[in-house]
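The residues making up each chain are set out below.
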Amino acid sequence: MSRSAHPAGPRYADVLHEGHYTPPPADLNALDPRVWSRTVTRNADGVVTVGGRSVTELAEEFGTPAYFLDESDFRARCRAWRDAFGPEADVFYAGKAFLSRAIVRWLKEEDLNLDVCSGGELATALDAGMPAERIALHGNNKSTEEITRAVEAGVGRIVLDSFQEIVRVAHIAERLGKRQRVQIRVTVGVEAHTHEFIATAHEDQKFGLALAGGQAAEAVRRALKLDGLELVGIHSHIGSQIFDMAGFEVSARRVVQLLAEVRDEHGVELPEIDLGGGLGIAYTSEDDPREPHEIATALRTIVTRECAAAGLAVPRISVEPGRAIVGPTAFTLYEVGTVKELPGLRTYVSVDGGMSDNIRTALYDAEYSVALVSRSSTAEPMQVRVVGKHCESGDIVVRDAFLPSDVAPGDLLAVPATGAYCRSMASNYNHALRPPVVAVPEDGKARVIVRRETEEDLLRLDVG
Ligand SMILES: Cc1ncc(COP(=O)(O)O)c(C=O)c1O
């Protein structure tokens, strides 16, 4: 729809999304099930509930801002991935999306493995009882301490990311009298259709060793010579928030090609490939994500076909979804503090959080949805920008959205699909206290799994 096709007037004076006008949704009280977690619904009084608990009650008990995580949805998504890939493949949840002890326990119970990329994530995984053999360690610059701890603990695999690291991990493993299972992370030269900062398989970036130019093949040569390493496979991760399976198919094809070259050069068939994470989720009703079974079928089909063509046995496939599991399972609940109408421009609705609890809008131009959740409203739609309380004009939570024009201080707003890369990327900017994560199971017995920070927490670190 073009801008001029919409009734004129200050509430519609702006354009959305680079020049094309997006009309307001037909019903602002409706909650799109693709964007909201499974137990979220609006009750007869107009208040939104999760796990049967109203957001007004939850705000009263846990305060705002806060992340509310729909536990049964999280577990269902784990099972959907697990079932889609079946016993002949492995699903590693990418802990960077969001990790806590409760998450580790749920993963364990739902039979998923865990990908960690720092000493802190490894410590959380081990502390919460994830068996070390079900953990993979990632990172483009793992410290000697991180590698030592992982090898000592007996992690199932370390994903090697540079020539230096091949030698470093081998030496540490030998010193500890171990042979560490490793994969080599390669960059396959795929341009994933996503934001530059989250696309990771084109060649000009910091992760992995390039297939083009032979770095990856050289890495295999070096790793196979070292006693401390058991090279079990090749790893590729092409980016994040990807909807188009074509990039994964090219990646799978190129990784299988490398397996064939390794077989030809060394007489060794590596038994595993990992195709990474990066599957997109619905942040707004415009997004149309793939289901785990579609992804599993597409990947299995291409790997099987390529292996048959190359005369290779089909390797064990693994994947590392983070966002696709936890992203849709949580929403952030905020209270409105001020509403400022800029005549002829837009209305700014300020909430009690912001870029300290969700940096993705500022960092990646990420798009989010927002809804008035403490009541329903029949007021006309008003185009808004939802902003935080930080001292930055880029402190935007939802760049362009519609809310009922009677939105007012004291109302509760919820931003869905904030389970991934929000609490895990949260900061103390302006000495904000990072919000709690509250798990809400189906029986409504909500409990804090990561508590709200306090001023004492902040001051405890300030030892000057
Ligand atoms: C190696 C690797 N695996 C998995 C993931 C998870 O990606 P996503 O959360 O988009 O599925 C990432 C994200 O950066 C990654 O770098």
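As the structure is a prediction and not an experimental result, all values here were calculated from the model.

Brief notes about the overall build of the protein
Moving on, step 1. Summing up its helical and strand segments, the protein has twelve helices and 21 strands in all.
Moving on, step 2. Compactness check: the protein gives a C-alpha radius of gyration of 24 Å against a globular reference of 23 Å for 464 residues, within 12% of the reference.
Moving on, step 3. Along the first, second and third principal axes, the C-alpha atoms of the protein reach 70 × 55 × 45 Å.
Moving on, step 4. Scored against the burial criterion, the 464 residues of the protein give a buried share of 57%.
Moving on, step 5. In the protein, once contacts between residues fewer than 6 apart in sequence are set aside, the share between residues at least 24 apart is 69%.

Looking at the domain arrangement of the protein
Moving on, step 1. Along its sequence, the protein is carved into domain 1 (12–70 + 328–461) and domain 2 (138–321).
Moving on, step 2. Facing twelve residues of domain 1, the contacting portion of domain 2 comprises eleven residues.
Moving on, step 3. Both sides of the domain 1 and domain 2 interface together cover about 1,100 Å² of buried area, and 55% of this is carbon and sulfur.
Moving on, step 4. Of all residues in domain 1, Arg34, Tyr364 and Glu367 bury the most surface against domain 2, accounting for 42% of the area lost on that side.
Moving on, step 5. For the interface between domain 1 and domain 2, the tally reads one salt bridge.
Moving on, step 6. A salt bridge links Arg34 to Asp288, with the nearest nitrogen and oxygen atoms 4.0 Å apart.

Focus on helix H8 (residues 246–266)
Moving on, step 1. When the terminal C-alpha atoms of H8 are compared, their 30 Å separation across 21 residues agrees well with the 30 Å that a helix rising 1.5 Å per residue should span.
Moving on, step 2. Those residues of H8 not exposed but buried are Gly247, Phe248, Ser251, Ala252, Val255, Val256, Leu258, Leu259, Ala260 and Val262.
Moving on, step 3. Looking at the buried positions of H8, the neighbouring elements they touch are strand E9 (180–187), helix H7 (215–225), strand E11 (229–235), strand E12 (272–274) and helix H9 (292–310).
Moving on, step 4. One or two steps after H8, the chain reaches Gly267, where phi turns positive at roughly 70 degrees.

Criteria and thresholds
Residues numbered from 1 in each chain as written. Predicted model: local features only at pLDDT ≥ 70, side-chain atom pairs only at ≥ 80, totals over all residues. Heavy atoms only, no water. Helix = DSSP H or I, 4+ residues; strand = E, 2+ residues; numbered from the N terminus. Rg over C-alpha atoms; globule rule 2.2 N^0.38 Å. Buried < 20%, exposed > 50% of the residue type's maximum accessible area, 1.4 Å probe, protein only. Contact = heavy atoms within 4.5 Å. Domains from an automatic or database assignment. Buried area = accessible area lost by both parts, 1.4 Å probe. Salt bridge = Lys/Arg side-chain N within 4 Å of Asp/Glu carboxyl O. Expected span 1.5 Å × (residues − 1).

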